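# Chains, contacts and geometry: an overview
What follows is each chain in one-letter form.
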Amino acid sequence: MTVLITGGRGAVARGLAALLAERGAAFRLASREPTGAAPGAVHCDLTDPGTFPAALEGVRSVFLYAAAEHIDAFAREAVRAGVEHVVLLSSSSVLDPGARENALAASHLAVEEALLAAPLRTTLLRPGSFASNARSWARDIRSGVPVRLPHPGSHSDPVHEADLAEAALAVLTEPELGGRAHTLTGPRSLTFLDQLEVLSGALGRPVPHEEVTPQAWKDSVAAYLPGPYADALLAHWAAGVGVPAPISGSVELLTGHPARSFADWVEDHREEFADPANAKGPGPLARTGALQQGE
């Protein structure tokens, strides 16, 4: 029962592939740029329907990143190929009021609705904020430059990518857990200032910040973040000021252990903030404006 894992260069996909390999399970890692993913990765570009048939041949389950542009074509090809179960890495933003008018949420919602309308068993994993979004601060932190924040007191529920990979494994391998939606969060609601404090403690030095206006932040990211996505993020952050993010127990339900903390994530990635030699460039938030990243 081969599992197709899309977004093969993303952290969740790579984590899931490692977990399936440990179990001796058959899987096929796919990416729009397979040479940058892993040995043996196949070509599957979610913006190019021509790549779908070969990637899906012989597949019975799919771990799918949310890409709305050709989701109807992907669903049709999955049905034709005999796929029985699709696990979608969506976003908890689809639960927000006005999700259809929000550029970030609307794309995830469109993918969810297309899969639910198809004759496919669909499981929805809906993470909130990825802990890895903190990577968007790494360059400034390494350089000692203040992190620019438009809403420093905004709360989020940072979840570790390793927990998302384990949750995906659970719903793919334990039938009773699939076929429904799971909202996935970290164990605590943290403000951006809380997260910087955790980073400061891990690095053993102050991590300064500078509060900037929403427009100044939007202007600073305009080169790589389209205006509607920047506006959606700013609105999300503004709504979270002084409002703790709801925390779910779904990670523990699916994985059998409490969700990893933001401090755990920082410890796992501390070198990216401390050592310029480990610089990886802007994080997923900076590259895509989304709460998740897959390629």
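Here's what I pulled together on the structure shown here. (Residues numbered from 1 in each chain as written. Predicted model: local features only at pLDDT ≥ 70, side-chain atom pairs only at ≥ 80, totals over all residues. Heavy atoms only, no water.)

### Examining helix α3 (residues 71-81)
Counting along an α-helix, one turn takes 3.6 residues, and residues three or four places apart therefore face a common direction. Every buried residue belonging to α3 is among Ile71, Ala73, Phe74, Ala75, Glu77, Ala78 and Ala81, and all of these are buried. For α3, the elements touching its buried residues are α2 (52-56), β4 (59-65) and α4 (103-117). Positive backbone phi, at 90°, marks Gly82, one or two positions downstream of α3. (Buried < 20%, exposed > 50% of the residue type's maximum accessible area, 1.4 Å probe, protein only. Helix = DSSP H or I, 4+ residues; strand = E, 2+ residues; numbered from the N terminus. Contact = heavy atoms within 4.5 Å.)

### So, the environment of Val79
Along the chain, Val79 falls in helix α3. In this structure Val79 comes out as partly exposed when scored by relative accessible area, which is 34%. When the C-alpha atoms of Val79 and Glu197 are compared, they prove to be 48 Å apart, with 118 residues separating the residues in sequence. In this structure, Val79 is in contact with Pro119 and Leu120, ignoring residues within four places of it in sequence.

### Let's talk about the packing of aromatic side chains
One pass over the structure, following the stated rule, counts 7 aromatic pairs. Taking the centre distance of 5.8 Å and the plane angle of 85° together, the rings of Trp137 and Phe192 count as edge-to-face. One end of the pair, Trp137, is in the loop between β6 (121-127) and α5 (138-143); the other, Phe192, is in helix α7 (residues 192-203), with 55 residues separating them in the sequence. With a relative accessible area of 10%, Phe192 lands in the buried category. Three or more aromatic residues joined by ring pairs form one cluster here, namely Trp137, Phe192, Trp217 and Trp237. (Phe/Tyr/Trp six-rings, centres within 6.5 Å; stacked < 30°, edge-to-face > 60°.)

### Quick notes on the pairing of strand β1 (residues 2-5)
Taking every second residue as pointing to the same face, both faces of β1 are buried, with Thr2 and Leu4 on one and Val3 and Ile5 on the other. Sheet topology note: the β1/β4 ladder contains 4 bridges and is parallel. Paired with Ile5 across the bridge in β4 is Phe63. In this structure, β1 lies alongside strand β2 (residues 27-31), joined through 3 bridges in parallel fashion. Residue pairing across strands places Val3 opposite Phe27, the latter belonging to β2. As a crossover connection, the stretch from β1 through helix α1 (residues 11-23) into β2 is right-handed. (Pairing = 2+ DSSP bridges. Right-handed = clockwise from strand over helix to strand, strands pointing away.)

### Side note on the environment of Thr6
Looking at the secondary structure, you find Thr6 in the loop between β1 and α1. Using a relative accessible area of 1% as the deciding quantity, one classes Thr6 as buried. Leave out the neighbours within four places in its chain, and Thr6 touches Ala13, Ala30, Leu46, Val62, Phe63, Leu64 and Tyr65. Engagement of the side chain of Thr6 in a polar contact is seen with the backbone nitrogen of Tyr65, the distance being 3.0 Å. (Polar contact = N/O pair within 3.5 Å; in protein donor to acceptor, adjacent residues only side chain to side chain.)

### Here we look at the sheet that holds strand β5 (residues 85-89)
Strand order across the open sheet formed by 7 strands is β3-β2-β1-β4-β5-β6-β9, with parallel pairing between neighbours. The open sheet is flanked by β3 (42-43) and β9 (181-184), the only strands paired with a single partner. Against the sheet, α1 engages β1, β2, β4 and β5, with an angle of about 150° to β4. (Axes fitted to C-alpha atoms, helices over the stretch in contact; angles between N-to-C directions.)

### A short note on the nonpolar core
Ile5, Leu56, Val62, Phe63, Leu64, Phe74 and Leu115 are the most contacted members of the largest nonpolar core, which has 56 residues in total. Of all the elements, helix α6 (residues 161-173) adds the most residues to this core, at 8 residues. Beyond its immediate chain neighbours, meaning those up to four positions away, Leu115 contacts Leu64, Ile71, Ala75, Val86, Leu88, Leu120 and Thr122. Ranked by size, the runner-up nonpolar core spans 27 residues in total, among them Val147, Leu190, Leu196 and Phe262. (Core = buried A, V, L, I, M, F, W, Y, C linked by side-chain atoms within 4.5 Å.)

### Some thoughts on empty space enclosed by the protein
Applying the stated criterion across every chain yields a total of 2 cavities of 30 Å³ or more. There is about 30 Å³ of room inside the second largest cavity. Taken together, Leu46, Phe52, Leu64, Tyr65, Ala67, His70, Ile71 and Phe74 form the lining of the second largest cavity. Contributions of two or more residues to the lining of the second largest cavity are made by β4 and α3. Of the residues belonging to the lining of the second largest cavity, the class tally is 7 nonpolar, 1 polar and no charged. (1 Å grid on protein atoms, 1.4 Å probe; cavity = no way out; pocket = protein on both sides within 12 Å on 5 of 7 lines; lining within 4 Å. Points joined across faces, edges and corners; volume = space filled by probe spheres on them. Nonpolar A, V, L, I, M, F, W, Y, C, P; charged D, E, K, R; others polar.)

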